[in-house]
Amino acid sequence: MTSDKRNWNPQTTLVHGGTLRSEFGETSEAIYLTQGYVYDSAESAEARFKGETPGFIYSRYANPTVDMFEKRMCALEGAEDARATASGMAAVTAAILCSLKAGDHIVAARALFGSCRWIVETLAPRYGIEATLVDGTVIGNWEKAVRPNTKLFFLESPTNPTLEVIDIAAVAALANSVGARVVVDNVFATPMQQKPLELGAHIVVYSATKHIDGQGRCLGGVILSDKKWIDENLHDYFRHTGPSLSPFNAWTLLKGLETLPLRVRQQTEAAARIADFLAESPEVSRLIYPGRADHPQADIIKRQMKGGSTLICFDVKGGKKAAFAFENALRIILISNNLGDSKSLITHPATTTHKNLTDEARAELGIDDGTLRLSVGLEDADDLLNDIGDALKATR
């Protein structure tokens, strides 16, 4: 295995970090499509199961290709350990449930992806875990929600889909003072633009399906934290419930990591141009973009993010009818509920990703019938601007 130099820049880490080569000396990482492993002797099998000798036992627990992906993510994120999962939601669910037991309490920011909110609001209470949702942009709301049995804080930043930004360092400081842990879903920022562990968060989760693959090919997730927490909380949960990532998907994600910095940089640059264009468009009533000075949490963004975002949130005048007309008039940008792809994707949250929320809950989050979420891809920015400009005419 190559040595992961701590002075490597991210671009180098994402090409070489964690690489494990066989005796054949392959350039591209090997895909170890195996379920199990063979031992030299009965004694060596016993020693491996006891943890006395290193090695793989079963691919539900660990696999060489998956191990490479986990180590490369650790090198990028600055984490001691990681576990890769079959999807982003498997990562979120594992990070939350393995940390808690009946009688514990979660405080979560209310601005969450629909499935994340279901885990907190619906699934966790079935197991006797209480939950409180707050407006996460105000640190006082977190303080007021804390109870003696509060064990976990959960948040996204920027949030889905309205791109609110939460002060991770402030939330982490509060969590430390009450003996709770902070889980941050860092998908919208990507590890290129924000490092939650450096800001004091204890656990970071990703849907690797998004920017890490970033090319619409496979599902994946990853949980990163300190080794002690993973050994004491996640290890047995992961081993016995089986949310493991497939070796083929791990290999695909390794390939995605090699180009992550290039893709995120180009997508962010294009998104900034598009955001400025939308902000001046008479058909748009609201524009939210983390790279602009008019973002509601612009001061926090300067402190905790290294750049803007590949995502834009905006409202078109005319509600659902105008939003649908805009989507249907697009010729390059595709209608999809996914994000972080090489192709630009447009989503109408009220009828897709957040449709299961009540009207009141959507209103609290700032999602109305005219709200659209744009994930900027790798197309030429001028072509995207022309496509958007033409589609806006359909809303008039």
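Above: the structure in question.
Computed from a prediction, not measured in an experiment: that's the story for all the values here.

What counts and what doesn't
Residues numbered from 1 in each chain as written. Predicted model: local features only at pLDDT ≥ 70, side-chain atom pairs only at ≥ 80, totals over all residues. Heavy atoms only, no water. Phe/Tyr/Trp six-rings, centres within 6.5 Å; stacked < 30°, edge-to-face > 60°. Helix = DSSP H or I, 4+ residues; strand = E, 2+ residues; numbered from the N terminus. Buried < 20%, exposed > 50% of the residue type's maximum accessible area, 1.4 Å probe, protein only. Lys NZ or Arg CZ within 6 Å of the ring centre and 35° of its normal. Axes fitted to C-alpha atoms, helices over the stretch in contact; angles between N-to-C directions. Parallel < 35°, antiparallel > 145°, perpendicular 65-115°, else oblique. Left-handed = near helix turned anticlockwise from the far one by under 90°. Contact = heavy atoms within 4.5 Å. Nonpolar A, V, L, I, M, F, W, Y, C, P; charged D, E, K, R; others polar.

(A) Spotlight on the packing of aromatic side chains. Evaluation of the coordinates by the stated rule reveals six aromatic pairs. Aromatic side chains Y39 and F49 sit 6.4 Å apart centroid to centroid with 65 degrees between the ring planes, which places their arrangement in the edge-to-face category. Residue Y39 is found in the loop between α1 (10–16) and α2 (42–50), and its partner F49 is found in helix α2; the two are separated by 10 residues along the sequence. Note on Y39: relative accessible area 22%, which makes it partly exposed. Taking the ring centre of Y61 as reference, the NZ or CZ of R239 above it sits at 4.0 Å.

(B) Quick look at the packing of helix α11 (residues 247–279) against helix α15 (residues 381–393). α15 packs onto α11 with a crossing angle of 30 degrees between their chain directions and a minimal axis gap of 10 Å. In this view, α11 runs roughly parallel relative to α15, as classed from their interaxial angle. Like other packed secondary-structure pairs, α11 and α15 cross with a definite hand, here right-handed. Facing α11, whose interface residues are A270, R273, I274, F277 and L278, α15 presents A381, D382, L384, L385, I388, G389 and L392. For the contact of α11 with α15, a count of residues per class yields nine nonpolar, one polar and two charged.

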